[in-house]
Amino acid sequence: MAATRDTSQRRLQISELVRQHGSVQVTALARRFGVSMQTVRKDLRYLAERGVMARAYGGAIDSHVVGGALSEPPYEAKRTSHLDEKRRIGLRAATLVKAGDTIAIDSGTTAIQLAEALPNIDVTVVTNDFNVLAALTPKNNIRIVMLGGELRRKNMAFYGGLTVEALDALHVDRLFLGVDGFDLERGITTHYEPEAMLNRKMVEAARVVVAITDSSKFGTVCLHRIIPVTDLDTLITDTGAPEDIRAASQQLGFELLLA
């Protein structure tokens, strides 16, 4: 009976991990639960047969992702979750910005913390995020270039063809890129296709690409890929970053800053 109970409990926990992170990896689950990879594969097959997830190479993905409908958390929930970590990340990111720089700040709740932390110095900020704009407006030494387009109220940012076209004539020293999902194999991903398109354009316009994300996003895979992790120059995250992320910074050659 104990073995049966352990199995059902483990499968419940795996279901919850998939729901939270969007995806799971066989090797990581085997380590976490102290079982063989074969046992984990049986668990994933069992759960996939019941529609909880879809099997993927090396692991499984939330079944909603496969259907293209992974639910994006409500905006207020995103603003308040992991807030302390986001503030630390924002403060660390702000230290990279020097007078005379031109930077782009992507939309997102960590991006707002960066905007709050930016000193009132002579820099130019390009953004599509309404709340980044609001945070920067009182800082009268900062020049703000707002990317227009259609307002998406779900995350209070602007998207669309006009937004992408506005970047054609712009070049920035550094892009601070927000993250919905960060997976070493599947790259940096987002819930919303127009955001992925805009972010790719921002990457093209930037000399240096800096991802800013709290560690809850690691291992999460959303439907729309922005860039592979190898396109990053720097990753700023909190001290909860897992060991594989720390190792990847050495192997893939991006700078890792822990806040």
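Residues numbered from 1 in each chain as written. Predicted model: local features only at pLDDT ≥ 70, side-chain atom pairs only at ≥ 80, totals over all residues. Heavy atoms only, no water.

As annotated in an unreviewed UniProt entry, the protein chain is DeoR/GlpR transcriptional regulator from Luteimonas viscosa.

### Quick word on the sheet that holds strand β13 (residues 224–227)
Here 3 strands make up an open sheet; going across it, the order is β10-β11-β13 and the pairing antiparallel. Two strands in the sheet have a free side with no partner beyond their single neighbour: β10 (181–183) and β13. Each adjacent strand pair in this sheet contributes to an overall mean axis angle of 35°, direction not counted. Pairing of strand β11 (residues 187–190) with β13 involves 3 bridges; the strand directions are antiparallel. Note that in β13 the partner of Thr190 across the bridge is His224. Packing against the sheet, helix α10 (residues 193–205) makes contact with β11 and β13, and its axis sits at approximately 10° to β13. (Pairing = 2+ DSSP bridges. Helix = DSSP H or I, 4+ residues; strand = E, 2+ residues; numbered from the N terminus. Axes fitted to C-alpha atoms, helices over the stretch in contact; angles between N-to-C directions. Contact = heavy atoms within 4.5 Å.)

### Observations regarding the layout of surface pockets
What the largest pocket holds in volume is close to 750 Å³. Residue lining of the largest pocket: 23 residues in total, with Gln25, Ala28, Arg31, Gly219 and Asp244 positioned closest to the centre. When contributions to the lining of the largest pocket are tallied by element, the ones reaching two or more residues are α1 (2–21), β1 (23–25), α2 (26–33), β10 and α11 (243–252). If you tally residues by element for the lining of the largest pocket, the top one is α2, at 5 residues. Tallied by class, residues from the lining of the largest pocket come to 9 nonpolar, 8 polar and 6 charged. Residues from two domains meet in the lining of the largest pocket; each of domain 1 (7–66) and domain 2 (82–258) gives at least three. (1 Å grid on protein atoms, 1.4 Å probe; cavity = no way out; pocket = protein on both sides within 12 Å on 5 of 7 lines; lining within 4 Å. Points joined across faces, edges and corners; volume = space filled by probe spheres on them. Nonpolar A, V, L, I, M, F, W, Y, C, P; charged D, E, K, R; others polar. Domains from an automatic or database assignment.)

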